[in-house]
Amino acid sequence: MGERLTWEEKREKIQALNLTSDVFAGKVLEEPEVLEEFLNLLTGRRWHICEVKSQYSIRQILGHSVVLDLYAVEEDGTRIHLELQNKDNDEHILRTRYCRACIDTTLLDTGLKYRELSDLWQIFITQKDFLKCGKPLVWNRKHYWDGTTEIYFNLSSKDGGNKVQEKLQDYMRHTVSENESASFPKLVNRVHFLKSETKGMGQMCEIFDQVRQDGIEFGRQEMKIIFIDKLMHSLGITKERACEIMDLDVSEYECALSGQMSACSDDLRV
């Protein structure tokens, strides 16, 4: 296997992380009071979160499993699904639909009535305005009441209507531990803890090691490709460094991405 990242390499990567990273944002927002503050800024309502799980997996035996960036439960039973999407395409809408279906399968035991389904809020944070609405925040409520609410918050559009949300947009894209914003102090303090304090940085280093170890344990070529992408896009590691960590030649990685996985499979199998 390739060598592990050194402490100095990890420290540099941690400092470079922004809240556009699903892994980093999940770690920041997994503290209930921090998530409450974040949701308050987006929705204008008060939240009382009692449980938060980051990188929450919903396994489907006969179908496509999903991993939610953040899954939370409010005191009244309301569920919150928060997702960060960096790609600029319309698959966000389809992913929203599928994730909602997967979540619902975990909420209703045999014999219960449909009316016992918990309310569900789905919040998608995107880099660009893929809905082409020209607004930073878009609410999508159903024409009929089914207990679901969708919110799309993009980090590029600004309409001048909410200065605090604009500050939040800027902070998510340029997340530094020295920020002293009074608009979201709990968020800033949590970022400072994870980026600058020894204990917090230690937690982030454990995540780096876990991502790498997960890839090793799966051992399959397809999973190596997934974890290389995870290292690159979520943790800001270069393609060459990610391939080195996962013990895979760059040429093999590029071959797999080009749709030649079957032709390369004998050479790639470990």
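Residues numbered from 1 in each chain as written. Predicted model: local features only at pLDDT ≥ 70, side-chain atom pairs only at ≥ 80, totals over all residues. Heavy atoms only, no water.

**Focus: the packing of helix 3 (residues 32–43) against helix 5 (residues 163–173)**
To characterise two packed helices, one gives the angle between the axes of the helices and the distance between these axes.
Stage number 1. Running from N to C, helix 3 and helix 5 point in directions that differ by 130°, and their axes come no closer than 9 Å. One element, helix 3, and the other, helix 5, form an angle in the oblique class. Helix 3 and helix 5 meet at a crossing whose hand is left-handed. Across from Phe-38, Leu-41 and Leu-42 in helix 3, the residues of helix 5 making contact are Val-164, Gln-165, Leu-168 and Met-172.
Stage number 2. Taken together, the residues of the contact of helix 3 with helix 5 sort by class into 6 nonpolar, 1 polar and no charged. (Axes fitted to C-alpha atoms, helices over the stretch in contact; angles between N-to-C directions. Helix = DSSP H or I, 4+ residues; strand = E, 2+ residues; numbered from the N terminus. Parallel < 35°, antiparallel > 145°, perpendicular 65-115°, else oblique. Left-handed = near helix turned anticlockwise from the far one by under 90°. Contact = heavy atoms within 4.5 Å. Nonpolar A, V, L, I, M, F, W, Y, C, P; charged D, E, K, R; others polar.)

**Details of the packing of helix 3 against helix 6 (residues 185–196)**
Stage number 1. Helix 6 packs onto helix 3 with a crossing angle of 135° between their chain directions and a minimal axis gap of 8 Å. On the basis of their axis angle, the class for helix 3 and helix 6 is oblique. Crossing hand, helix 3 versus helix 6: left-handed. Together, Glu-33, Val-34 and Glu-37 of helix 3 and Pro-185, Lys-186, Leu-187 and Arg-190 of helix 6 make up the contact between the two elements.
Stage number 2. Here the residues of the contact of helix 3 with helix 6 sort into 3 nonpolar, no polar and 4 charged.

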